[in-house]
Amino acid sequence: MIPLPPNAPDWQREGYPHLWLPYTQMQTAPAPLAVVGTEGCRIRLADGRELIDGICSWWSACHGYNHPHIVEAVAEQARTMPHVMFAGLTHEPALRLSRRLATLAPEGLERVFLADSGSVAVEVAMKMAVQYWRNRGDSRKTRFVSFRGAYHGDTMGCMSLSDVENGMHSAFLNYMPMQFVTDIPSDEYAFAEFDSLLGDISRQVAAVVIEPLVQCAGGFTFHSADVLAELYRITKKHNLLFIADEIATGFGRTGYLFACNEAGITPDILCLGKALTGGAMTLAATLATADVFNAFLSDDAEKALMHGPTYMANALACAAANASLDLFEREPRLSQIAAIETQLESDLEPCRTAPAVRDVRVKGAIGIVEIHPERFDRIALRQSFVERGVWLRPYANCIYIMPAYTISADELSTITRAVCDVASQIA
Ligand SMILES: *Cc1c(COP(=O)(O)O)cnc(C)c1O
């Protein structure tokens, strides 16, 4: 393993030999940076340096770190009731949150299942879809249609939906259920093919699953609202369920509160996570329409939804989420996102001409600089950004910027300047 820097704090020196890091080749990867505090868009390191954060902890800390309103809500909740089991018992933070999510989400999504992480929310969506058909008397519909370049999480069902052959989960190919993974259609011909594919397989399929408008961690590719609307139309024509995974795109990231809003669609099932608590606690939600929910109503106990995480609807997390929604109500988040979009567009434009750059694209508070794969070295890139006082974590040939919505124009300039500098210097 690569040794820690000589000035590493004792807690890192003592603990690191016992740690197994995510998605990290521990023999060759540089040691992670030791963090001692966060504030707004800043990360404070143990060695005294400070980084401006361009990705807000996998785009979850959308109001900036340590927002006082969220911190206060969590502290207050911790004093009354940090957690109570959610089977046979219920509490105000969860019910208030469920009502608010049902009000904000695309019209018709009226039931909320609160899970503890994004991956679990997607697993729950898949189980809802399979059991929906089974409860209606069709137990053959157990497979899913998903799209190349998708990322839906790390657990078994989620992995099977993601791009398993090229993606980060290819080691588990023989271990996973097989789904129908296809390309997102981009022209009339491809839509006709998609339509005929669904026609051929619809008897086995429970649902079509998509990250609407932006495929994030699978490679940061965009499709238009028209494409999304057409995919929805064809899915419904074949009488399949449509699952929108908005764990990345939800809460304003693409410029609308939810990406589905831009296409004017209501999915049958919607997954939310990441920015749901403003980055303070882990929490996710799976929302369903009355049609989906009603298929579980019966005098047969086995038709109930068969899922229930120990920490579901954790009260601290629900308090954080309610506080985050307060901020969306009180503060001009959508116009801040529009301003970030404008600035990303103009600031990143000069990158386009750099020889190593393959594409520059911006949507909402997402800025992508795609590098030619053979010139992409994510560890070297990450290092160059840290040297410039910026925290970015290039991935899948892309330097992606997904900052807190509260980032100042100056802080964002520091990030985009670093990106343009670094991109133009790639050999
Ligand atoms: C991050 C992400 C997930 C998984 O969420 P976790 O909380 O990491 O389990 C699922 N879907 C999408 C689109 C994501 O971006």
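Above this text you will find the structure in question.
The structure presented is a predicted model; accordingly, all values stated were derived computationally and were not measured.

(A) View of the packing of helix α12 (residues 333–348) against helix α14 (residues 409–425). It is at 10 Å that the axes of α12 and α14 come closest, and there the two elements cross at 30°. Considering the angle they form, α12 stands roughly parallel to α14. Considering the relative orientation of α12 and α14, their crossing is right-handed. Here Ile340, Gln343, Leu344, Asp347 and Leu348 of α12 come into contact with α14, specifically with Ala409, Leu412, Ser413, Thr416, Val419 and Cys420. Its residues assigned to classes, the contact of α12 with α14 shows seven nonpolar, three polar and one charged.

(B) Up close: the packing of aromatic side chains. A full pass over the atoms with the stated rule returns nine aromatic pairs. Both rings, one in Phe147 and one in Phe194, keep their centres 5.9 Å apart while their planes meet at 35°; by these two values the pair is tilted. Here Phe194 lies in helix α7 (residues 188–201) and Phe147 lies in strand β5 (residues 143–147), a separation of 47 residues in the sequence. Phe194 carries the same exposure label as Phe147, and that label is buried. Aromatic pair Phe220 and Tyr400: ring centres 4.4 Å apart, planes at 20°, arrangement stacked. Here Tyr400 lies in strand β16 (residues 398–401) and Phe220 lies in the loop between β8 (214–215) and β9 (221–222), a separation of 180 residues in the sequence.

(C) How the structure looks around the environment of Leu198. With respect to the secondary-structure elements, Leu198 resides in helix α7. A sequence separation of 150 residues divides Leu198 from Leu348, and the C-alpha atoms of the two residues are 39 Å apart. Those residues in contact with Leu198, other than ones at most four positions away along the chain, are Val145, Val208, Ile234, Thr235, His238 and Leu240.

(D) Helix α5 (residues 118–135), seen in detail. With 18 residues, α5 ought to run about 26 Å at 1.5 Å a step, and its terminal C-alpha atoms sit 25 Å apart, in line with that. Counting buried positions along α5 yields 15 of 18 residues, so the element is predominantly enclosed. One or two steps after α5, the chain reaches Gly137, where phi turns positive at roughly 95°.

(E) Representation of the sheet that holds strand β6 (residues 180–182) in the model. Across the sheet, which stays open at both edges, the seven strands sit in the order β4-β12-β11-β10-β7-β5-β6 with mixed pairing between neighbours. A single partner strand is all that each edge strand has here, and the edge strands are β4 (109–115) and β6. The sheet shows a mean angle of 20° between the axes of neighbouring strands, direction not considered. Examined bridge by bridge, strand β7 (residues 205–210) and strand β10 (residues 241–245) share four bridges and lie parallel to one another. Paired with Val208 across the bridge in β10 is Phe242. Relative to the sheet, helix α4 (residues 92–104) contacts β4, β11 (269–272) and β12 (284–289), its axis offset from that of β4 by approximately 135°.

Calculation notes
Residues numbered from 1 in each chain as written. Predicted model: local features only at pLDDT ≥ 70, side-chain atom pairs only at ≥ 80, totals over all residues. Heavy atoms only, no water. Axes fitted to C-alpha atoms, helices over the stretch in contact; angles between N-to-C directions. Helix = DSSP H or I, 4+ residues; strand = E, 2+ residues; numbered from the N terminus. Parallel < 35°, antiparallel > 145°, perpendicular 65-115°, else oblique. Left-handed = near helix turned anticlockwise from the far one by under 90°. Contact = heavy atoms within 4.5 Å. Nonpolar A, V, L, I, M, F, W, Y, C, P; charged D, E, K, R; others polar. Phe/Tyr/Trp six-rings, centres within 6.5 Å; stacked < 30°, edge-to-face > 60°. Buried < 20%, exposed > 50% of the residue type's maximum accessible area, 1.4 Å probe, protein only. Expected span 1.5 Å × (residues − 1). Pairing = 2+ DSSP bridges.

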